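# Examining the three-dimensional arrangement
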Amino acid sequence: VRYIGCVVLVGALSVPHSIRAAVWAEASGVVYATANNNPLVGGGRRHVFHIGVPSEITGAAVARFLVEEQGARRVGLLHAGNEFQVHAAACTAAPLSGRGAEVLQLELDTDPDGDRATLDRLRNWRPDAVMIYDSDTARQVRLTQMAHSLSGLPPFVHARGMLCHEFRAGAGSAAEGHFFVDMFLRDQRASAEEQALHQRMATVDSHLTATASHAFGWDELRLLAEAYQTGGPDSQAQIATLEGLRAYPGAGGPLTFTAEDHNGRWTQDPTTIAQLVGGQFVVVSTMDR
């Protein structure tokens, strides 16, 4: 990257690699845009802009959906046990409790037999709703199929990462009726940028499902283009450009940055909730967007 004289950097990377890229970008004076919402990626770095939705925002939105729109009073939260997923589950548990719901948090096991025991324990608790925090598609497919074979468990709410063709194809009919955290409107109400993203994806592969990752990549590239076109190769001018954006029209919802906040999501919550109906992801709640 140094050899070719990189002046902006975009990365669709795992959290550990994104942290390393952020550290490098800050030290090298290169503006870096990423989707990760892990707080360690931003870390107050002036050259790093990240547009992943903070877990506090997503958790509050999910709590509102489950309690106010679904009438849930007992909510089970399943997580895989890593530090970030524990954090994300806690960010949902707090607003659920604040809305008067009972919460049971359980850590998923490392093997199918352990997962079945966890699902049995959850079923015996009789939840009205279940939210899963786990980024392993194959594991979530297995959990969904296990849950489908049991009676007494409601449809799960899955995080954004499972709103994809791979999960839908793997889980099959077992995932019918399940809910998914989304950030699209997926109809004529959608912004011009969201519609442009959907149209572009359809020209590549009509079977593709637009996910948060597609929106993140689309918006990161547009933000960096905006920064470079306005600020040129000067990173300080690029930073000033991005920090001055207010309600920037992203495919995944509007983005607002300030000198104090390089996340862009705290002002406008992009959360919607989709449901798998007839093999298609359909928005069932726009959360008053």
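This text gives an overview of the structure that appears in the document. These numbers were taken from a predicted model, which means no experiment stands behind them. (Residues numbered from 1 in each chain as written. Predicted model: local features only at pLDDT ≥ 70, side-chain atom pairs only at ≥ 80, totals over all residues. Heavy atoms only, no water.)

## Concerning the overall build of the chain
We count it as follows: The helix and strand labels rest on DSSP assignments: H or I over at least four residues marks a helix, E over at least two residues marks a strand, and numbering proceeds from the N terminus. C-alpha atoms define the radius of gyration, and 2.2 Å times the number of residues to the power 0.38 defines the globule rule. Per-residue accessibility, obtained with a 1.4 Å probe over protein chains only, is compared with the maximum for each type, and a residue is labelled buried under 20%, exposed over 50%, and partly exposed between these values. Should any heavy atoms of two residues lie within 4.5 Å, those residues are considered in contact. Residue exposure ignores everything except the shown protein chains as possible cover, and the areas themselves are Shrake-Rupley values with a 1.4 Å probe.
Each helix and strand in the chain was counted, giving ten helices and twelve strands. A compact globule built from 289 residues should have a C-alpha radius of gyration of about 19 Å, and the chain, at 20 Å, falls within 12% of that. C-alpha atoms of the chain, sized along the principal axes, occupy 60 × 35 × 35 Å. Out of the 289 residues belonging to the chain, those deemed buried represent 51%. Pairs at least 24 apart in sequence give 61% of the contacts found in the chain among residues at least 6 apart. As presented, the chain carries roughly 12,900 Å² of accessible surface, and 53% of it is formed by carbon and sulfur atoms.

## Thoughts on the nonpolar core
We count it as follows: In this description, a nonpolar core means a group of buried Ala, Val, Leu, Ile, Met, Phe, Trp, Tyr and Cys residues linked to one another through side-chain atoms lying within 4.5 Å.
Counting residues in each nonpolar core, the largest one holds 22 residues, and the members touching the most others are Phe65, Leu66, Val75, Leu77, Leu96, Met131 and Val157. At the level of secondary structure, the elements contributing two or more residues to this core comprise helix H3 (55-69), strand E4 (74-79), helix H4 (83-98), strand E6 (129-133) and strand E8 (179-182). Ranked by the residues each element gives to this core, the list is headed by H3, at six residues. In contact with Met131, not counting residues within four places along its chain, are Val62, Gly76, Leu77, Leu78, Val157, His158, Ala159 and Val181. Of all hydrophobic cores here, the second largest spans 19 residues; its members include Met183, Leu223, Ala227 and Ile239.

## Overview of a negative patch on the surface
Which entries qualify depends on this criterion: Note on patches: the residues involved have over 30% relative accessible area and no salt bridge, like charges join within 9 Å, and the nonpolar side chains Val, Leu, Ile, Met, Phe, Trp and Tyr join within 5 Å. Criterion for a salt bridge: a side-chain nitrogen of Lys or Arg within 4 Å of a carboxyl oxygen of Asp or Glu. Two residue types count as positive, namely Lys and Arg, and two as negative, namely Asp and Glu; His and chain ends fall outside the count. One atom stands in for each charge, and that atom is NZ of Lys, CZ of Arg, CG of Asp or CD of Glu.
Taken together, Glu107, Asp109, Asp111 and Asp113 make up a surface patch of like negative charges. Turning to its location among the elements, Glu107 is positioned in strand E5 (residues 102-107).

## What to know about the packing of aromatic side chains
We apply this condition: Here a Phe, Tyr or Trp ring, Trp counted by its six-membered ring, pairs with any other such ring whose centre lies within 6.5 Å, and the pair is stacked when the planes are under 30 degrees apart, edge-to-face when over 60, and tilted otherwise. Counting as a charge over the ring demands two things of the Lys NZ or Arg CZ atom: a distance within 6 Å of the ring centre and an angle within 35 degrees of the ring normal.
Applying the stated criterion across every chain, the model contains four aromatic pairs. Between Phe65 and Phe179, the ring centres sit 5.5 Å apart and the planes meet at 70°, which makes this aromatic pair edge-to-face. Remark: Phe179 occurs in strand E8 and Phe65 occurs in helix H3; sequence separation between them is 114 residues. For the residue pair Phe65 and Phe179, the accessibility class agrees, reading buried in each case. Taken together, a centroid distance of 5.1 Å and an interplanar angle of 85° make the contact between Phe180 and Phe281 edge-to-face. Here Phe281 lies in strand E12 (residues 280-285) and Phe180 lies in strand E8, a separation of 101 residues in the sequence. Each member of the pair Phe180 and Phe281 is classed as buried. By the ring-pair criterion, three or more aromatic residues cluster together here, those being Phe167, Phe180 and Phe281. Sitting above the plane of the Trp125 ring, Arg74 keeps its charged end 4.2 Å from the centroid.

## Here's the deal with the packing of helix H8 (residues 192-204) against helix H9 (residues 212-231)
Defined as follows: Axis lines are fitted through C-alpha atoms, for helices just across the contact stretch, and the angle between N-to-C directions can take any value from 0 to 180 degrees. Under this scheme an angle from 65 to 115 degrees is roughly perpendicular, one under 35 degrees roughly parallel, and one over 145 degrees roughly antiparallel; angles in between are oblique. By definition, any crossing whose near helix is turned counterclockwise from its far helix by less than a right angle is left-handed, and any crossing with a clockwise turn is right-handed. Each residue is assigned to one of three groups, with Ala, Val, Leu, Ile, Met, Phe, Trp, Tyr, Cys and Pro labelled nonpolar, Asp, Glu, Lys and Arg labelled charged, and all others, Gly among them, labelled polar.
Contact geometry for H8 and H9: axes closest at 11 Å, N-to-C directions at 115°. Considered as vectors, H8 and H9 are oriented roughly perpendicular to each other. Read as a crossing pair, H8 and H9 show a hand that is right-handed. Residues Glu193, Ala196, Leu197, Arg200 and Met201 of H8 form the contact with H9, whose own contacting residues are His214, Ala215, Trp218 and Arg222. Looking at side-chain class alone, the contact of H8 with H9 contains five nonpolar, one polar and three charged residues.

## Here we look at the pattern of salt bridges
For the coordinates displayed, the defined rule picks out 13 salt bridges. Residue Arg139 pairs with Asp115 through a salt bridge whose shortest N-O separation is 3.3 Å. With a gap of 24 residues between them, Arg139 in helix H6 (residues 137-149) and Asp115 in helix H5 (residues 112-125) connect regions that are remote in the sequence. Residue classification places Arg139 among the buried residues on the basis of a relative accessible area of 12%. Close ionic contact of Arg189 with Asp187 constitutes a salt bridge, the shortest N to O distance being 2.6 Å. Connected through shared salt-bridge partners, Arg64, Glu68, Arg99 and Asp288 make up one network.

## Regarding the pairing of strand E1 (residues 8-11)
Rules: Strand pairing is assigned whenever DSSP identifies at least 2 bridges connecting the two strands. Note on handedness: a clockwise path from strand one over the helix to strand two, with the strands aimed away from the viewer, defines a right-handed crossover.
Burial of E1 is one-sided: the residues Leu9 and Gly11 facing one way are buried, the residues Val8 and Val10 facing the other way are not. Examined bridge by bridge, E1 and strand E2 (residues 31-34) share four bridges and lie parallel to one another. Residue pairing in the sheet places Leu9 in a bridge with Tyr32 of E2. What joins E1 to E2 is helix H1 (residues 15-28), and the crossover it makes is right-handed.

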